[in-house]
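Structural description and commentary
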Amino acid sequence: MPAVPNHDPLRTRAERLENEKTDGRESAMLTAVTGINWGDEGKGRIVDLLTKDADIVVRYQGGNNAGHTVVTGSGTYVLNLLPSGILHPGAVCVLGTGMVVDLDHLRREISALSERGVEISPENLLLSDRATICMPFHARQDQLEEARLEKKGAAFGSTKRGIAYAYGDKYRKKALRLGDLLRMDASVRRRLETILEEKNLLLTALYGEKTVSFPEVWDWCCRQADCFAPYVRDTGAFLRSAMKKQKNILFEAQLGALRDIDYGIYPYTSSSNTVAAYAPIGAGLPGAVPDHVVGVMKAYSTCVGAGPFAAEKAMDDAWLENLRKIGAEYGAATGRPRRVGPFDAVA
């Protein structure tokens, strides 16, 4: 991952958006882009097209359990955490309050894009101080539980990246947030000790696994703080300021409406709210309402993971496999073959 210089000009693009009023606009334009079905509809391409008119692009939920594939003149890019707008030099991208962020994965993603000439720094990428950290033990717990369920034939088809467990700990108030990286003090240390005490009880009693070492996890947090502290800020304040300056803000979802934790095909859903109504909340603008909602869908049906998917029952296996190959239907995050079928008007 590229080193971040210690001087203020890195924030000039973000600060310029806060300090300049856009000529000719009467108000900010808030647009939410979400999938209409199970995800994999091609939202990344639509966000990439709409970003040319956007000042800011915000991911408002999810983690690195899914991805967007964007094809440009310079190649194909697979993005799991970063908003698709990161490929546009003029846009500022935000990882919003509603996300759970695997910092190891984010660092690798930034490095991979930087090696291909994509410029990424605190000037054009901001991380919400309220976003939840997806810790290494969340992925470990996810893998152990999915393995346990698989033995009973009850697996959910998890990506095993810890997303559900990070969200679960968030709502149990037993998680660390990105803002904690800005003050690695005694209070954060005590909270982490309490979190690990419970995690270790679970690992040993339920799974018969070794405990997690506090010094190792604390050291991991300190390394993440050194790397990402320049990116972390109060993005809610940044977005409110941008709205006052009539900036165009694009909200980007991960997955589709049928994977929404409240309104989707529960329990075969994601662990967050994917619907457009949640976009301002997950972005960090709880008092705002989208001006436009763009729902994305394909001419046929696709799905990754377990759960109801009636479309795949409509055609034979040879037809489905041919569609999968023609459409290159493999998960952007996991590489798993997607379940496919004809257009499902009911869904």
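Structural data are supplied above this passage.
Residues numbered from 1 in each chain as written. Predicted model: local features only at pLDDT ≥ 70, side-chain atom pairs only at ≥ 80, totals over all residues. Heavy atoms only, no water.

1. Side note on the overall build of the chain
The following threshold applies: Comment: elements are numbered from the N terminus, with helices defined as DSSP H or I runs of at least four residues and strands as E runs of at least two. We call a residue buried when its accessible area falls under 20% of the maximum for its residue type, exposed when it is over 50%, and partly exposed in between, using a 1.4 Å probe and counting protein chains only. For this analysis, residues touch if any pair of their heavy atoms sits within 4.5 Å. Here the Shrake-Rupley method, with its probe set to 1.4 Å, supplies the accessible areas, and only the displayed protein chains count as covering residues. Only four residue types enter the charge count: Lys and Arg as positive, Asp and Glu as negative, with His and the chain ends excluded. To locate a charge, take atom NZ for lysine, CZ for arginine, CG for aspartate or CD for glutamate.
Helices and strands together make up the secondary structure of the chain, namely 10 helices and 13 strands. The C-alpha extent of the chain, read off along each of the three principal axes, is 60 × 50 × 40 Å. Counting every position in the chain, which comprises 347 residues, the buried fraction comes to 53%. Considering only contacts within the chain whose residues lie at least 6 apart along the sequence, 77% involve residues at least 24 apart. For the chain, the accessible area works out to roughly 15700 Å², and carbon and sulfur atoms hold 53% of it. If you average the places of the 44 positive and of the 43 negative side-chain charges in the chain, the two averages end up 2 Å apart.

2. Observations regarding the environment of E41
Condition: Side-chain atoms alone can form a polar contact between residues adjacent in sequence; in general such a contact is a pair of N or O atoms within 3.5 Å, and within protein one must be able to donate a hydrogen while the other accepts it.
Position of E41 relative to the elements: it lies in the loop between β1 (29-35) and α2 (43-50). Note on E41: relative accessible area 7%, which makes it buried. E41 sits 260 residues away from S301 along the chain, and the two C-alpha atoms are 8.4 Å apart. Only 3.4 Å separates the side chain of E41 from the backbone nitrogen of I36, close enough to count as a polar contact.

3. Some points on the layout of surface pockets
For clarity, the threshold we go by: Think of a 1 Å grid over just the protein atoms. A cavity is a set of points where a 1.4 Å probe fits yet cannot get out, a pocket is an open set with protein on both sides within 12 Å along at least five of seven lines, and lining residues have an atom within 4 Å of a point. Grid points are joined across faces, edges and corners, and a volume is the space filled by probe spheres set on the points. Under the convention adopted here, Pro, Cys and the residues Ala, Val, Leu, Ile, Met, Phe, Trp and Tyr are nonpolar, Asp, Glu, Lys and Arg are charged, and Gly plus all remaining residues are polar.
In this structure, the second largest pocket spans a volume of roughly 160 Å³. As for the second largest pocket, its lining consists of T97, D129, R130, D234, G236, R240, I281, G284 and P286. Considered class by class, the residues forming the lining of the second largest pocket number 2 nonpolar, 3 polar and 4 charged.

4. Topic: the packing of helix α6 (residues 186-205) against helix α7 (residues 214-228)
We apply this condition: Geometry is summarised by axes, namely lines fitted to C-alpha atoms with helices restricted to the contacting stretch, and by angles between N-to-C directions that run from 0 to 180 degrees. To sort the angles, those under 35 degrees are grouped as roughly parallel, those over 145 as roughly antiparallel, those from 65 to 115 as roughly perpendicular, and the leftovers as oblique. Crossing handedness follows the turn of the near helix against the far one: under a right angle anticlockwise gives a left-handed crossing, and clockwise gives a right-handed one.
The contact between α6 and α7 brings their axes to 11 Å, and the two run at 130 degrees. Judged by the inter-axis angle, α6 sits oblique to α7. For the element pair α6 and α7, the recorded crossing hand is right-handed. On the side of α6, the interface is formed by V188, R189, L192, E193 and L196, while α7 contributes F214, V217, W218 and C221.

5. Let's talk about the sheet that holds strand β5 (residues 92-95)
Threshold: Note on pairing: two strands pair once DSSP finds at least 2 bridges between them.
An order of β9-β7-β5-β2-β10-β1-β11 is seen for the 7 strands of this open sheet, with the pairing classed as parallel. Each edge of the open sheet carries a strand with a single partner, namely β9 (232-233) and β11 (292-296). For strand β2 (residues 56-59) and strand β10 (residues 248-256), the ladder comprises 4 bridges, and the chain directions are parallel. Among the inter-strand pairings, R59 is bridged to a residue of β10, identified as E252.

6. Regarding the environment of A237
Inspection of the secondary structure puts A237 in helix α8 (residues 235-244). On the basis of relative accessibility, which here comes to 30%, the residue A237 falls in the partly exposed class.

7. So, the state of the cysteines
This is how it is decided: Throughout, a disulfide means two cysteine sulfur atoms within 2.5 Å of one another.
This structure, assessed with the given rule, holds 0 disulfides. Free of any disulfide, C134 has its nearest neighbouring cysteine sulfur in C221, separated by 12 Å. A residue is classified by how much of its surface remains accessible, and C134, at 2% relative accessible area, is buried.

8. Thoughts on a positive patch on the surface
Under the convention used in this document: Every patch collects residues that have over 30% relative accessible area and no salt bridge, joining them within 9 Å if they carry like charges and within 5 Å if they are nonpolar side chains (Val, Leu, Ile, Met, Phe, Trp, Tyr). Take a side-chain nitrogen of Lys or Arg and a carboxyl oxygen of Asp or Glu: if they are within 4 Å of each other, that pair is a salt bridge.
A cluster of basic residues, R130, R177, R240 and K244, forms a positive patch on the protein surface. When you line up the elements, K244 lands in helix α8. Judged by its relative accessible area of 66%, K244 is exposed.

9. As for the packing of aromatic side chains
What counts is decided by this rule: Note on aromatic pairs: the rings of Phe, Tyr and Trp (six-membered ring only in Trp) are paired at centre separations within 6.5 Å, and the planes decide the class, stacked below 30 degrees, edge-to-face beyond 60, tilted for the rest. To sit over a ring, a charge needs its Lys NZ or Arg CZ within 6 Å of the ring centre and within 35 degrees of the ring normal.
This model, assessed by the stated rule, comprises 4 aromatic pairs. Seen from their ring centres, W38 and F309 are 4.7 Å apart, and the 85 degrees between their planes marks the pair as edge-to-face. Of this pair, W38 sits in the loop between β1 and α2 while F309 sits in the loop between β12 (301-303) and α10 (317-326), and the two are 271 residues apart along the sequence. Of the two residues examined, W38 and F309, each falls in the buried class. A cation over a ring is seen here: R189 above W218, with NZ or CZ 5.2 Å from the ring centre.

10. Examining the environment of D316
The topology assignment puts D316 in the loop between β12 and α10. Residues D316 and R177, 139 residues apart in the sequence, show an inter-C-alpha distance of 47 Å. Within the local environment of D316, its side chain forms a polar contact with the backbone nitrogen of A318, the two atoms lying 3.3 Å apart. Within the local environment of D316, its side chain forms a polar contact with the backbone nitrogen of W319, the two atoms lying 2.8 Å apart.

11. Let's talk about the packing of helix α4 (residues 136-151) against α6
At a minimum axis separation of 12 Å, α4 and α6 run at an interaxial angle of 20 degrees. As summarised for this structure, α4 and α6 are arranged roughly parallel, according to the angle between their axes. For α4 against α6, the interelement crossing comes out left-handed. On α6, the residues touching F137, H138, R140, Q141 and L144 of α4 are I195, L196, K199, L202 and L203.

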